[in-house]
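Next come the chains, spelled out residue by residue.
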Amino acid sequence: MTTKTLAFHSSRGGTGKTVIATNLATIWANKGLKIALLDLDFRAPSLAGAFSKAIKKQPKYWLNDFISGRCKIEQTLIDVSSTYRLKGKLYLGLANPSIEAIRSTMDKSRAWEVSAVKRLFSMRKTLFKEMNIDYIILDTSPGLQYSSINAVVSSDISIIVTTNDEVDLKGSENLIENLYLELDKKPVVLINKVLPETQLHTNKTEKELINKIENQLKSPIIAAILCYCDVLQAKRTSILAIEKPNHAFVKNLETIAKTLFLTNKLNFEE
Amino acid sequence: MLVKTFTTPGNLELLLVKLIEEVKLTNKKLDSIITQNSPNQKQKTKKNHKNKSTSPLSPDVLSLLSLPAHLRKTVIALYKLEKATAEELSAETKRLRAVESASANQLTRMGYLKKKREGHKVYFYIEQKMEENK
Ligand SMILES: Nc1ncnc2c1ncn2[C@@H]1O[C@H](COP(=O)(O)OP(=O)(O)OP(=O)(O)O)[C@@H](O)[C@H]1O
Ligand SMILES: [Mg+2]
C-alpha cells in the first residue's frame, strides 16, 4: 500500500477541520491502519482537547520543538491507541499551547519558515519509511499562515473544509485560485455544516448543491456533511467515532475514509 | 584594437550597425533580468535595512508566489531533496533536465539558491542560515 499525507485546511475558522481530522484518524486507526495525526495549528492548538482522556501528562517535546530542530519527530509522538482500544495505531503530535510558544510562532523569519517546510518533508520520510505509518493527517490553522501553507506544500492531498455560506465559499475560491493553483496543488473540497433546510438527504438537492459548489470552486467535492446539532453541542473532549460510532456524522466520515483509501490504492496501482 | 581594423567608411558603418544590434540585444536581456529580479530587489533592500548582511534571499512558501511559476516547482523539489543535481531535480519534477538546469541556475542568479561542485556533479541547494533558529 502506498502512503499519503493529507492536510486539512480552510479559508475561515471553525469550519470543522479539527473534528473531521480527529474522527477520520480514529476511524482509520480502528480499521487497523497506522496513523499519525499532527496539530500544525500553532496559533490555536486544539488536538490535545479531543484526546485529553489519553494524554496523562504534558509531552516532553511538542511539534514546535521538532520543527525548530530541537528533537526528532518520534520524540513528539504520543501513542493513544490503547486508551481507545483501537485495532491499529494512532500517534498524536501536539502543538505547544503556551502563550509564549504561540507568540513565538508569529515572529519567525523567512529563513526559519524555509527550514520548517524542509523539516516537514524530512518528517514524512521518517514516519513512512522508519515507522511504517500509513497516513499522516495534518490539522492546520485557517487562512494564509506559514505553518498551514508549509503543510499544504508538503502534503499529497489538501482537503479544504468549507461551509456553504457565501462568504466562506468566496474565501475558499480565493484560496484555491491564488494559493493552491499558483503552487500547482489541486485540492479536494469537503462541504461541512450544511443546514438541514437544504434537504441534503433528498438526493436531487444534494447533487445540485455539490454541482453548484464544484463549479464555483473548480475542484472536486469529496462530500457534503450536514450540520448536526448534537455535534455542535458535543464536548470538545469527546471523539464521536468512538462514543457514537453509528452517528450519521461518523458514517459520513467512514465513506470519506473509504473513498480516500480507494483513490490511494488506485493511484498506486496505476 | 577593434577600431583600427575597421577604418574604411564602409566598414565603420558595418561596425555601427553591429554595435547597435548588440546594444539592442543587451538591453533586451537586461530588461528581462530586471523584471525577473524586481520583486526580490525590493526584498533585498528591505532586508538590508533590518540587518546589514547581504545574505541570500529565502525561498519560503510565500516568497514562491512572487516568483515566476516555472521556478516554483524547482524550489519545492529542493525542499524535499535538500540538495540535488539538475538530473535529480528533473526526476522529481518530471520536467526535462534542461528545464530544471535553467530554472535552478536562474534561481541561483536571483539569490534564492546556492550551487556547488562536487567532483563532476553540480549541486543546487537552499542555504541554511544562522537566523533560521529564530
Ligand atoms: N457537521 C457538523 N455539524 C455540527 N457541528 C459541527 C460539524 N462539524 C464541526 N462542527 C462543530 O463546529 C465547531 C468547530 O469545529 P472545529 O473546531 O473542528 O473547526 P476548525 O475548522 O478546526 O476550527 P479552527 O479554524 O478554529 O481550527 C465545533 O464545535 C464542532 O463540533
Ligand atoms: Mg481547528
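To continue, consider the interface of chain A and chain B. Across the boundary between the two partners, chain A contributes 23 residues, which contact 22 residues of chain B. Summing the contributions of chain A and of chain B, the shared interface buries around 2100 Å²; its carbon and sulfur component is 63%. Of all residues in chain A, the largest losses of buried area upon contact with chain B belong to Arg110, Lys118 and Phe121 of chain A, amounting jointly to 27% of the total for that side. Counting every contact that joins chain A to chain B gives three salt bridges. With a shortest N-O distance of 3.3 Å, Asp60 of chain B and Arg110 of chain A are connected by a salt bridge. At the junction of chain A with chain B, the criterion picks out six residue pairs in polar contact (both at pLDDT 80 or more). Put simply, the parts of the chain that give the side of chain A that touches chain B at least two residues each are helix H5 (110–130), helix H6 (146–153) and helix H7 (166–180) of chain A. Of all the elements, H5 of chain A adds the most residues to the side of chain A that touches chain B, at ten residues.

Glancing now at the environment of Ile213 of chain A. Residue and element names in this part refer to chain A. Mapped onto the elements, Ile213 comes out in helix H8 (residues 203–217). Here the alpha-carbon distance between Ile213 and Val189, two residues 24 residues apart in the chain, equals 9.1 Å. Among residues more than four places away in sequence, those in contact with Ile213 are Asn164, Leu169, Ile191, Lys218 and Ile221.

All names here are of chain A. In the vicinity of ligand 1, 19 residues are found, and the nearest of them are Lys17, Thr18, Val19, Asn192 and Leu226. Measuring from an oxygen atom of ligand 1, one finds a backbone N or O atom of Gly14 at 3.0 Å. Side-chain polar atom of Lys17 to an oxygen atom of ligand 1: 2.8 Å apart, as the coordinates give it. About the coverage of ligand 1: the protein hides 88% of its 640 Å² of free accessible area. Elements represented by at least two residues in the shell around ligand 1 include exactly helix H1 (17–30), strand S7 (188–194), strand S8 (221–226) and helix H9 (229–233).

Next up on the list: the packing of aromatic side chains. How two aromatic rings sit relative to each other is given by the distance of their centres and the angle of their planes. Residues and elements named next belong to chain A. Counted according to the given criterion, the structure contains four aromatic pairs over all chains. With a centroid separation of 3.9 Å and an interplanar angle of 10 degrees, the aromatic rings of Trp28 and Tyr135 are classed as stacked. Taken together, the residues span a long stretch of sequence, with Trp28 in helix H1 and Tyr135 in strand S5 (residues 135–140) at a distance of 107 residues. Taking relative accessible area as the criterion, Trp28 reaches 2% and is therefore assigned buried. Residues Tyr228 and Phe249 carry aromatic rings whose centres are separated by 6.4 Å and whose planes lie at 85 degrees to one another, so their mutual orientation is edge-to-face. Of this pair, Tyr228 sits in the loop between S8 and H9 while Phe249 sits in helix H11 (residues 248–269), and the two are 21 residues apart along the sequence. The pair Tyr228 / Phe249 is uniform in exposure class, with both members buried. Above the plane of the ring of Phe66 lies Arg119, whose end atom (NZ or CZ) is 4.5 Å from the centre.

Quick look at the pairing of strand S4 (residues 89–93) of chain A now. All names here are of chain A. Within S4, four of the five residues are buried, which leaves it mostly tucked inside the rest of the structure. Here five bridges tie strand S2 (residues 34–40) to S4, and the two strands are oriented parallel to one another. Its bridge partner being in S4, Ala36 is matched across the sheet by Tyr91. Strand direction decides the pairing type here: strand S3 (residues 77–79) and S4, joined by three bridges, are antiparallel. Within S4, the position partnered with Asp79 by the bridge is Tyr91.

Analysis parameters
- Residues numbered from 1 in each chain as written.
- Chains lettered and ligands numbered in written order.
- Predicted model: local features only at pLDDT ≥ 70, side-chain atom pairs only at ≥ 80, totals over all residues.
- Heavy atoms only, no water.
- Contact = heavy atoms within 4.5 Å.
- Buried area = accessible area lost by both parts, 1.4 Å probe.
- Salt bridge = Lys/Arg side-chain N within 4 Å of Asp/Glu carboxyl O.
- Polar contact = N/O pair within 3.5 Å; in protein donor to acceptor, adjacent residues only side chain to side chain.
- Helix = DSSP H or I, 4+ residues; strand = E, 2+ residues; numbered from the N terminus.
- Near = heavy atom within 4 Å.
- Areas by Shrake-Rupley, 256 points an atom, 1.4 Å probe, with all protein chains shown as cover.
- Phe/Tyr/Trp six-rings, centres within 6.5 Å; stacked < 30°, edge-to-face > 60°.
- Buried < 20%, exposed > 50% of the residue type's maximum accessible area, 1.4 Å probe, protein only.
- Lys NZ or Arg CZ within 6 Å of the ring centre and 35° of its normal.
- Pairing = 2+ DSSP bridges.

Geometric descriptors of this kind do not, in isolation, establish any biological role.
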